[in-house]
Amino acid sequence: MVRLTRRGFVKATGAVAAAPALAAVTARAQPPAPDTGDLRVESDIVFGKGGDIDLLLDVYRPPEGVESKRTAIIHLFGGGFFVGSKNAGYIVNDSRALGALGYTNISANYRLQSEGSWPAQIHDTKAAIRWARANADRIGIDADKIAVAGYSAGGMLSLLAGATNGMAAFEGDGGNAGVSSDVQAAIGVYPLASAQTARGLFPQDLSEQEVARAMEAASPTSHINANHAPTIFVHGTGDTTVPISSSVDYFNQLNELGVPAALTAIQGAAHAFDNSALDAVEIMAHSIDLFLDRLIVDPQPYPSFGAGGGGGGGGRRGPGGRGPGGPGQN
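Remember, predicted model here, so these are calculated numbers, not experimental data. (Residues numbered from 1 in each chain as written. Predicted model: local features only at pLDDT ≥ 70, side-chain atom pairs only at ≥ 80, totals over all residues. Heavy atoms only, no water.)

**As for the overall build of the protein**
In step 1: Summing up its helical and strand segments, the protein has 9 helices and 8 strands in all.
In step 2: Within the protein, the fraction of its 330 residues that count as buried is 53%. (Helix = DSSP H or I, 4+ residues; strand = E, 2+ residues; numbered from the N terminus. Buried < 20%, exposed > 50% of the residue type's maximum accessible area, 1.4 Å probe, protein only.)

In structure tokens form, the structure reads like this:
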């Protein structure tokens, strides 16, 4: 497969990228998980406790010879909160593409609804973030360069994590107490932006009014604020399970508040497209890289229109004469 250069990606996509029942779709029978290839893998690391359950994660480091960006992306699987695990094939696909660009990827489990009622799932998410920060030296990242990515139902968790930096009510006690669970960016891949379809997360003995209040409190859309972590959405225009309009609406709200945000729309792609559409995975990885690289890895604002003449001279230049378009231009 041809790998896109950064300039090729921007030229091909412009501002919004285009490339050729929730749990039932996300968790439908999948082919065997793809080979992790040349990623350097540590599997089944205990990162915390969810009640009596050992919470596990896998670490995928970039291949030998690929310069690390010292930035971690924590991945949270989909499955409607009643199926799924860190071993999802689409997470391996995405980790391979992102690992080739220098990112350290972490795939973490969280309790399913049969293992714990809400807010167990966001508590486990925050525990995974704290583990990554506490173990930054061990896994070769900088402690202030952590992003969280979620897919479908997992996207509800990544968006909520991005919306609740510094909010003690969402922390839980899953491990590494006292370590910050703040994230520098959130990534929503065909994400749920609301808990309205996740009735099973909440105790069955609640009244309908109590459930409605609990769903609202658990929904990322209820916590959108000006301190929200920078966020990128990746969504297929053909998604009939979680319509792209939900990501567009969330993006617009962040944009209005001045929160750095981006949206990559994959033309025609359905829900969970990254199970098999590896060309779209490449587009997604380069979109995420462009977003994170300018905001976290090597912060670099875009120049104002017309600055410096020739559309490029106004940007900061780093080692090797790097211009505003970022590394890897040709």
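**So, the packing of helix H4 (residues 120-134) against helix H6 (residues 153-163)**
In step 1: Put simply, H4 and H6 touch, their axes get as near as 10 Å, and they point 65° apart. Classed by the angle they form, the pair H4 and H6 counts as roughly perpendicular. Judged by the twist between their axes, the crossing of H4 over H6 is right-handed. Across from Gln 121, Ile 122, Thr 125, Lys 126 and Ile 129 in H4, the residues of H6 making contact are Leu 157, Leu 160 and Ala 161.
In step 2: Residue composition of the contact of H4 with H6, by class: 5 nonpolar, 2 polar and 1 charged. (Axes fitted to C-alpha atoms, helices over the stretch in contact; angles between N-to-C directions. Parallel < 35°, antiparallel > 145°, perpendicular 65-115°, else oblique. Left-handed = near helix turned anticlockwise from the far one by under 90°. Contact = heavy atoms within 4.5 Å. Nonpolar A, V, L, I, M, F, W, Y, C, P; charged D, E, K, R; others polar.)

**What to know about the sheet that holds strand E7 (residues 231-236)**
In step 1: Across the sheet, which stays open at both edges, the 8 strands sit in the order E1-E2-E4-E3-E5-E6-E7-E8 with mixed pairing between neighbours. Edge strands, defined here as strands with exactly one partner in the open sheet, are strand E1 (40-50) and strand E8 (261-266). Ignoring which end each strand starts from, the neighbouring axes of this sheet average 20° apart.
In step 2: Both E1 and strand E2 (residues 53-61) contribute to a ladder of 8 bridges, which runs antiparallel. (Pairing = 2+ DSSP bridges.)

**Remarks on unusual backbone geometry**
In step 1: Between Trp 118 and Pro 119 the backbone carries a cis peptide bond, its omega angle lying at 15°.
In step 2: Within the secondary structure, Pro 119 sits in the loop between strand E4 (104-108) and H4.
In step 3: In this model, Tyr 190 sits at a positive phi of 35°, which is unusual for a non-glycine residue.
In step 4: Tracing the backbone through its elements, the reader meets Tyr 190 in the loop between strand E6 (185-189) and helix H7 (208-218).
In step 5: Given a relative accessible area of 0%, Tyr 190 falls into the buried group.

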